[in-house]
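# Observations on the model geometry
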Amino acid sequence: MSVKTSSGRTREENRKSLRRGQFGDTLVNRAGTVSKQASVLLKNNGRAPNIQQIVKHLLRLLGEDPDRSGLRETPERVAEALTFFTKGYQQDIDQLLNGALFPMEYDEMVIVRDIDFFSLCEHHLLPFFGKCHVGYIPNKRVVGLSKIPRVVDVFSRRLQVQERLTVQIAETLQTKLKPHGVGVVMEAQHLCMMMRGVEKQNTLAVTSEMLGVFRNQQQTRDEFLRLIRSGRSEVR
Ligand SMILES: [Zn+2]
């Protein structure tokens, strides 16, 4: 896997790991003390009421009055939004792909490119979003094309880092389809880089994962990279 980012990334990563070392995976509970329990709330079912309470408390900690008219419905809306942004935790890949794999004697490259994705960075709970390009070379079976964006969605709708997201998509397709190889390239903008830290507005983080023939055969990899870039006005 290769990661290309603008300069400043390393500095940011360093700061991130420092902060994580200081505070761990903790959130603040209702009494204002730090609770490890709170960090797993997002993964629980029936979690929305708890998230609402935490958001209300967060608004107070930020110096706001959660009871003023503009904010009264905010905890409920934030809880709903966060639940949607992390719905991937509740989705099952086998169920998703069930009935969507077809035997087929086709061994040319299949590419689904420019798949829009939206995710939340696990370091700041801020969005990162962009395009995902997926290619694979079938080995006697193919997957319904519409399922590929769904797989991207299942892993995007979680707390993520772009590098792991890219690997998870590639490895899932490699495991479930058993193709000759899989290539995944993701290009994303991170609000945590745009709004804070290095404040770079046009930085694109690019990650890729190449498996099987996409990793072993330069020609296959080059063909994939050429096809996902063809027709673009801008060279990235
Ligand atoms: Zn971040």
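Everything quoted here is computed from the prediction, not taken from an experiment.

The number of helices and strands found in the chain is nine helices and 10 strands. Burial statistics for the chain: of 236 residues in total, 25% are counted as buried. Counting only contacts in the chain whose residues sit at least 6 apart along the sequence, the fraction spanning at least 24 positions is 69%.

Turning our attention to the nonpolar core. Of all hydrophobic cores here, the largest spans 31 residues; its most connected members are Cys132, Val134, Val152, Ile169, Leu173, Val182 and Val184. The contacts of Cys132, once residues within four sequence positions are left out, are Ile115, Phe117, Val152, Val184 and Met186.

As judged from the nine bridges shared by strand β5 (residues 110-121) and strand β6 (residues 127-137), these two strands associate in the antiparallel manner. Counted as the bridge partner of Leu120 is Pro127 from β6. In this antiparallel pair of consecutive strands, β5 and β6, the connection spans five residues, and Leu125 shows a positive phi of 55°. Sheet analysis places β5 next to strand β8 (residues 159-160), joined by two bridges and oriented parallel. Counterpart to Cys121 in the pairing with β8 is Gln160.

This part takes up helix α9 (residues 218-229). When the terminal C-alpha atoms of α9 are compared, their 17 Å separation across 12 residues agrees well with the 16 Å that a helix rising 1.5 Å per residue should span. Those residues of α9 that are buried are in contact with β5, β6, β9 (181-190) and α8 (213-216). Looking one or two residues beyond α9, the residue adopting positive phi is Gly231, at roughly 80°.

This paragraph deals with the confidence of the model for the chain. When pLDDT is low, close inspection of the predicted coordinates is not appropriate. For the chain, per-residue confidence averages 83 on the pLDDT scale, and 78% of positions sit at 70 or higher. Scored below 50 in pLDDT, residues 1-44 shows 44 contacts in the model against residues more than four places distant or in partner chains.

This brings us to the environment of Ile93. If you trace the backbone, Ile93 turns up in helix α4 (residues 93-97). Separated by 61 residues in sequence, Ile93 and Val154 place their C-alpha atoms 7.7 Å apart. Those residues within four positions of Ile93 in sequence are excluded, and the remaining contacts are Val151, Val154, Thr172 and Lys176.

In this section: the pairing of β6. Judged from the 10 bridges that link them, β6 and β9 form a sheet pairing that is antiparallel. Counterpart to Tyr136 in the pairing with β9 is Val182.

In this section: the environment of Val154. In this fold, Val154 is placed in helix α5 (residues 147-156). Once the C-alpha coordinates of Val154 and Leu96 are considered, the two residues, 58 residues apart in sequence, prove to be 9.3 Å apart.

Glancing now at the environment of Phe224. Turning to its location among the elements, Phe224 is positioned in helix α9. In this structure Phe224 comes out as buried when scored by C-beta crowding, with 27 C-beta atoms within 10 Å. Measuring from C-alpha to C-alpha, the distance between Phe224 and Val184 comes to 9.4 Å, with 40 residues separating the pair along the chain.

This part is about α5. The element α5 is largely enclosed, with a buried count of seven among its 10 residues. Where α5 is concerned, the buried positions are Ile148, Val151, Val152, Asp153, Val154, Phe155 and Ser156. Structurally, α5 contributes buried residues whose contacts are with α4, β5, β6, β7 (141-143), β8 and α6 (162-177).

A few words now on unusual backbone geometry. One non-glycine residue, Asp114, lies in positive phi territory at about 60°. Checked against the element boundaries, Asp114 lands in strand β5.

A few words now on the packing of α5 against α6. Between α5 and α6, the least distance of the axes is 10 Å, while the angle of their chain directions is 135°. Taken together, the axes of α5 and α6 lie oblique to each other. The handedness of the crossing between α5 and α6 is right-handed. Counting all contacts with α5, which are made through Val151, Val152, Phe155 and Ser156, the residues of α6 involved are Leu165, Gln168, Ile169, Thr172 and Leu173. Classifying every residue of the contact of α5 with α6 by side-chain character gives six nonpolar, three polar and no charged.

About the thresholds
- Residues numbered from 1 in each chain as written.
- Predicted model: local features only at pLDDT ≥ 70, side-chain atom pairs only at ≥ 80, totals over all residues.
- Helix = DSSP H or I, 4+ residues; strand = E, 2+ residues; numbered from the N terminus.
- Buried ≥ 20, exposed ≤ 12 C-beta atoms within 10 Å, placed from the backbone.
- Contact = placed C-beta atoms within 7 Å.
- Core = buried A, V, L, I, M, F, W, Y, C linked by C-beta atoms within 7 Å.
- Pairing = 2+ DSSP bridges.
- Expected span 1.5 Å × (residues − 1).
- pLDDT = per-residue confidence, 0-100.
- Axes fitted to C-alpha atoms, helices over the stretch in contact; angles between N-to-C directions.
- Parallel < 35°, antiparallel > 145°, perpendicular 65-115°, else oblique.
- Left-handed = near helix turned anticlockwise from the far one by under 90°.
- Nonpolar A, V, L, I, M, F, W, Y, C, P; charged D, E, K, R; others polar.

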